[in-house]
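# An overview of the molecular structure
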Amino acid sequence: MKNRFSFPAKFEPDADTGGYVVTFRDIPEAITQGDSLEDARAMALDALATAMEFYQEEQRAVPEPSALEPGEELVTLPVSMQAKLLLLNEMVAQKIRPADLARAMGIKPQEVTRLLDLGHTTKIDALAAAFTAIGRTLALRVE
C-alpha cells in the first residue's frame with residue numbers, strides 16, 4: 001500500500017561540489033544538498049520535515065505524493081509527524097481553525113497549538129481525541 005507521506009525525491013550529482021542536490025516534485029519548498037549520497041538522504045528527510053512546518057503554519061493541506069519515477073527515491077516522514085499532518089489535512093478539508101478544534105475538544109487554544117506543532121511530542125491518545133472532536137477516527141494498522 002502506498003504511504004500517504006512518502007515523497008519521491010530526485011538525488012542529482014552536483015558537479016561543482018561533488019555532492020548531491022535533492023529536490024521533491026510534490027513539495028517544491030523542500031530543496032537540500034549533501035556532500036555524499038548518505039548525507040543527502042539524511043538532509044532530504046530534514047528538508048521534507050521542515051517544509052511540512054510551512055504547510056502547518058500556513059494551514060495548507062499537504063499534497064498527495066506522486067508516483068515514483070526512475071531515478072527517484074522515496075523519503076518517508078516519521079509516523080508521529082504523519083498523524084499530525086493527517087489532522088492538518090482534515091482540518092483544512094473541513095475548514096476547521098485551531099480555535100474551533102480547541103472549543104470542540106474543550107481545551108485551551110495553546111494546547112491545540114502544541115498538538116499541531118510538528119516538533120512537539122504528542123501522545124497518540126491526544127491526537128485520537130482531536131480526530132474524534134472533528135468527526136473522524138484515527139486508526140492504526142500494521143502492514
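Structural data are supplied above this passage.
Before going into details, it helps to say that this report is about the structure given with it. (Residues numbered from 1 in each chain as written. Predicted model: local features only at pLDDT ≥ 70, side-chain atom pairs only at ≥ 80, totals over all residues. Heavy atoms only, no water.)

With respect to the helices, strands and loops of the structure, Leu 85 is situated in helix α2 (residues 79-94). Look at Leu 85 and you get buried, because its relative accessible area is 0%. Measuring from C-alpha to C-alpha, the distance between Leu 85 and Leu 118 comes to 8.2 Å, with 33 residues separating the pair along the chain. When neighbours within four sequence positions are excluded, Leu 85 is seen to be in contact with Phe 5, Met 52, Val 62, Leu 77 and Leu 118. (Helix = DSSP H or I, 4+ residues; strand = E, 2+ residues; numbered from the N terminus. Buried < 20%, exposed > 50% of the residue type's maximum accessible area, 1.4 Å probe, protein only. Contact = heavy atoms within 4.5 Å.)

Moving on, we get to the packing of α2 against helix α5 (residues 124-133). Packing of α2 against α5 brings their axes to within 11 Å, and their N-to-C directions diverge by 15°. Considering the angle they form, α2 stands roughly parallel to α5. When you trace α2 past α5, the crossing you get is left-handed. Of the residues in α5, those in contact with Ala 83, Lys 84, Leu 86 and Leu 87 of α2 are Leu 127, Ala 130 and Phe 131. Here the residues of the contact of α2 with α5 sort into six nonpolar, no polar and one charged. (Axes fitted to C-alpha atoms, helices over the stretch in contact; angles between N-to-C directions. Parallel < 35°, antiparallel > 145°, perpendicular 65-115°, else oblique. Left-handed = near helix turned anticlockwise from the far one by under 90°. Nonpolar A, V, L, I, M, F, W, Y, C, P; charged D, E, K, R; others polar.)

Moving on to the sheet that holds strand β4 (residues 72-76). Taken together, four strands build an open sheet; the order of strands is β3-β2-β1-β4 and the sheet is antiparallel. Taken across any chain shown, the strands that pair with only one partner, and hence form the sheet edges, are β3 (31-34) and β4. Mean inter-strand twist for the sheet, computed between neighbouring axes without regard to direction, equals 35°. Sheet topology note: the strand β1 (residues 6-13)/strand β2 (residues 20-24) ladder contains five bridges and is antiparallel. Note on β2: the bridge partner recorded for Ala 9 is Phe 24. Contacts from helix α1 (residues 37-57) reach β1, β2, β3 and β4 within the one sheet, and its direction differs from that of β3 by about 155°. (Pairing = 2+ DSSP bridges.)

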